[in-house]
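Summary of the model geometry
This is what each chain is made of:
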Amino acid sequence: MSTFQVTDTAVSELEQLAQDIASKTQEFLAVLRRNGCALPSHDPDTARNDSLPIEGTVLQRHLMELTTELQALVQGPRLHVHNQVLAHVNLVNLHAIYSFKLPSRVPMEGSISYAELAGKIQVGEDVVRRIARYSITKHIFREVDGGDRLTHSVTSKMLAESPMMMEWIGMVCEEMWPAATQAVSALAKWPRSQEPQHSGYALAHGLETHVFDMLVDQPERAERFANAMVYFNSIEDLASHHLCDAYDWKSVSQVVDIGGSAGSTAVALATRLPRVSIVIQDQAVLEDQARRSIPPALADRVSFMAHDFFQDQPVRDADVYHFRWIFHDWSDRYCLKLLRALVPALKPGARVVVSDFVVPESGATSWYTEGLVRGFDLAMMELFNAREREERDWQKLFVEADSRFRFAGVRTVPGADLAFISAIWTPPV
Ligand SMILES: C[S@@+](CC[C@H](N)C(=O)[O-])C[C@H]1O[C@@H](n2cnc3c(N)ncnc32)[C@H](O)[C@@H]1O
């Protein structure tokens, strides 16, 4: 006889989750109704609620946490692992969707036959049907006319209307996925290396350098990387404008956005902070794209400068030197170089701000939320031998780079997934 039995009256973990899900679902629906948002549906004519009010975002996150825990318990250990392994075919499917541009080939209104779609993409009708039918199980596309024609769901319609999201999907499928398959081999081959050329990405793509050095000679791939960043920056939880709410900007007039890509962050900051001038620094290959993205109304305050961020910082005496999603691309050894390259330019009181994830301590938040950040951590490992960092790692980095950096801690802003880590340049008087 089992020595462990749940009594009839005890509420099991599963029942508790189900009750919490039911009540949070009601709260979520109430927020949507109160704010005039559409109720969730796969119907292509449903409004997408891409940015919810903050209380809606919090409830959405909470429901994701609860429902993933419920699924894990309902599945039991075998199915829980089994389904994670099978999930790899989602990328086969998304790669086909990207590569054959399926969403934009299906009319926004009406439908297309499988035969016509197959003719357009030069693939057998049977193959198109199999790909589409797997997509349909994930609520991407729908079938009409007895299964002969394809039409949009709300998700496939979103893909058809979101070229930057398609660029991100393409970048993941063609740049990151091959790297993922080589990540463990790279670890076995170069254990403990901090070099980007010893990563899964380098193995998969035959590189002897960092991805970003390779992109200098490959403008099309560089543009796709930059477009993937534009997509990320368009997500409200990741939007760069949250930085404006993290600090008091009254006394700031000059900002340098180091590794600022095509300028999304600079434009977002300059739009909200009318007294601030911003220099975007990045590789010369991004110059044209950056110049195109600066609205004429901001051209007198936002400029682009080609600069290698491992070389001494040429813009001296700025108030803020900002890095967004740069440090997580590099191992500690290189992050120390990034910080030390600033030193000749820093005036007393200058602030170095890093917009990046801060990894929660293990078990400090929900597994769902922690898993999102730890997923980025493994992705940075596979790509660059780099990492996401906990608060204590950030502090150590600044202290080790130069004892004149005074670590000023981590700030968070409601609704922002990235944290704002900063240090003040404080030389002895
Ligand atoms: C992950 S992206 C982040 C872009 C931007 N900060 C954002 O948040 O959208 C990394 C950026 O670092 C730039 N980069 C890489 N190596 C560089 C170098 N040595 N000097 C300057 N920029 C570099 C890349 O071109 C790319 O734009």
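Computed from a prediction, not measured in an experiment: that's the story for all the values here. (Residues numbered from 1 in each chain as written. Predicted model: local features only at pLDDT ≥ 70, side-chain atom pairs only at ≥ 80, totals over all residues. Heavy atoms only, no water.)

1. A short note on the environment of methionine 171
- On the secondary structure map, methionine 171 appears in helix H8 (residues 163-189).
- The class of methionine 171 is buried, set by a relative accessible area of 8%.
- Methionine 171 has contacts with Met176, Arg224, Phe225 and Ala228, leaving out every residue within four places of it along the chain. (Helix = DSSP H or I, 4+ residues; strand = E, 2+ residues; numbered from the N terminus. Buried < 20%, exposed > 50% of the residue type's maximum accessible area, 1.4 Å probe, protein only. Contact = heavy atoms within 4.5 Å.)

2. What to know about the domain arrangement of the chain
- Taken domain by domain, the chain comprises domain 1 (8-86), domain 2 (94-160) and domain 3 (222-425).
- Counting residues at the interface gives 8 residues for domain 1, matched by 10 residues for domain 3.
- Around 680 Å² of area is buried between domain 1 and domain 3 when both sides are counted, 60% of it from carbon and sulfur atoms.
- Among the residues of domain 1 in contact with domain 3, Ile54, Arg61 and Glu65 are the three that bury the most area, contributing 56% of the side total.
- The closest approach of N and O atoms between arginine 61 and aspartate 417, which form a salt bridge, is 3.6 Å.
- Inspection of the region where domain 1 meets domain 3 yields 3 residue pairs in polar contact (both at pLDDT 80 or more).
- Here the residues of the side of domain 1 that touches domain 3 sort into 2 nonpolar, 3 polar and 3 charged. (Domains from an automatic or database assignment. Buried area = accessible area lost by both parts, 1.4 Å probe. Salt bridge = Lys/Arg side-chain N within 4 Å of Asp/Glu carboxyl O. Polar contact = N/O pair within 3.5 Å; in protein donor to acceptor, adjacent residues only side chain to side chain. Nonpolar A, V, L, I, M, F, W, Y, C, P; charged D, E, K, R; others polar.)

3. Structural notes on the nonpolar core
- Residues Tyr321, Phe323, Phe327, Leu339, Leu342, Phe398 and Phe405 are the most contacted members of the largest nonpolar core, which totals 31 residues.
- Mapped onto this core, the elements with two or more residues apiece are strand S4 (254-258), strand S7 (320-324), helix H14 (332-340), strand S8 (351-356), helix H16 (391-401), strand S9 (405-411) and strand S10 (419-425).
- Here this core gets 5 residues from one element, more than from any other, and that element is H14.
- By size, the runner-up hydrophobic cluster in this structure holds 27 residues, among which are Ala270, Ile280, Phe304 and Val320. (Core = buried A, V, L, I, M, F, W, Y, C linked by side-chain atoms within 4.5 Å.)

4. Brief notes about the sheet that holds strand S2 (residues 142-144)
- Ordered by their spatial adjacency, 3 strands build an open sheet running S1-S3-S2, and the pairing between neighbours is antiparallel. A single partner strand is all that each edge strand has here, and the edge strands are strand S1 (112-113) and S2.
- For S2 and strand S3 (residues 149-151), the ladder comprises 3 bridges, and the chain directions are antiparallel. Each residue of the ladder has a partner; that of glutamate 143, found in S3, is leucine 150. (Pairing = 2+ DSSP bridges.)

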